[in-house]
Amino acid sequence: MSNSFEQISLKHGFMKHNGGVMFRNISENEYEFKSVINENHLNAAGITHGGYLAALIDAGAGTAAHRSAQNAPCVTISLDLKYIGASKIGDEIIGHVKILKKTKTLVFLFCELKCDNKIITSASGVWKILKIKS
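Each chain has its residues counted from 1, following the order in which its sequence is written. In keeping with the model being predicted, local features are shown solely for residues with a pLDDT of at least 70 and side-chain atom pairs are shown and tallied solely at 80 or more, while totals for entire chains, interfaces and linings include all residues. Where side-chain values are given, they derive from all heavy atoms of the structure, hydrogens and water being excluded.

Here we look at the overall build of the protein
Step number 1: Each helix and strand in the protein was counted, giving 2 helices and 7 strands.
Step number 2: Strands are runs of DSSP state E lasting at least two residues, helices are runs of H or I lasting at least four, and both sets are numbered from the N terminus onward. The helix and strand sequence of the protein, counted from the amino end, reads β-α-β-β-α-β-β-β-β.
Step number 3: Within the protein, contacts between residues at least 6 apart in sequence are counted, and of these 58% link residues at least 24 apart.
Step number 4: Only the protein chains shown count as cover for residues, and all accessible areas are computed by the Shrake-Rupley method using a 1.4 Å probe. For the protein, the computed accessible surface area is about 7,700 Å², with 54% contributed by carbon and sulfur atoms. It only takes one pair of heavy atoms within 4.5 Å for two residues to be counted as in contact.

Here's the deal with unusual backbone geometry
Step number 1: For Gln70, which is not a glycine, the phi torsion comes out positive at approximately 55 degrees.
Step number 2: Only protein chains enter the accessibility calculation, which uses a 1.4 Å probe; a residue whose area is less than 20% of its type maximum is buried, one above 50% is exposed, and one in between is partly exposed. Assessed through its relative accessible area of 62%, Gln70 is described here as exposed.
Step number 3: In this structure, Asn117 is a non-glycine residue whose phi angle is positive, near 65 degrees.
Step number 4: Inspection of the secondary structure assignment puts Asn117 in the loop between β6 (106–115) and β7 (118–129).

Quick word on the nonpolar core
Step number 1: To define a nonpolar core, start from buried Ala, Val, Leu, Ile, Met, Phe, Trp, Tyr and Cys residues and group those joined through side-chain atoms within 4.5 Å. Ranked by internal contacts, the top residues of the largest apolar core, which has 27 residues, are Phe33, Val97, Leu109 and Leu113.
Step number 2: Mapped by element, the contributors of at least two residues to this core are β3 (30–36), α2 (50–68), β5 (92–102), β6 and β7.
Step number 3: When residues in this core are grouped by element, the largest group, 7 residues, is from α2.
Step number 4: Residues contacting Val97, with those up to four places away along its chain left out, are Asn29, Glu30, Tyr31, Phe33, Gly60, Ala61, Ala64, Leu109, Phe110 and Cys111.

Printed below as a string of structure tokens:
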């Protein structure tokens, strides 16, 4: 298992358009992802837009659910966010995901986004593991 970050935003789409997401496996139940805040991610107050942080968590935690489900496709059922702090342009945001429970059809997880080792957003979520029809 490689411990280095890899770019997961390879296909055209929302997250690639927004700067991409770097991702790595830490263990079977823990994952990390990161992104650097640029001008497009800011709100009118000059801090990172909450919608971008939500999208970043959805992408990073969703990838963690996908990998924990042996790469089966997963879709978000619920995502509960708590905005705790702020970040600004140039900041590196690191997300840490812990898989709390996995069943045959669901993945339950917790995620924290940190900037300068301070929590800026926390989230809990549930992902549905989709069955692949052959």
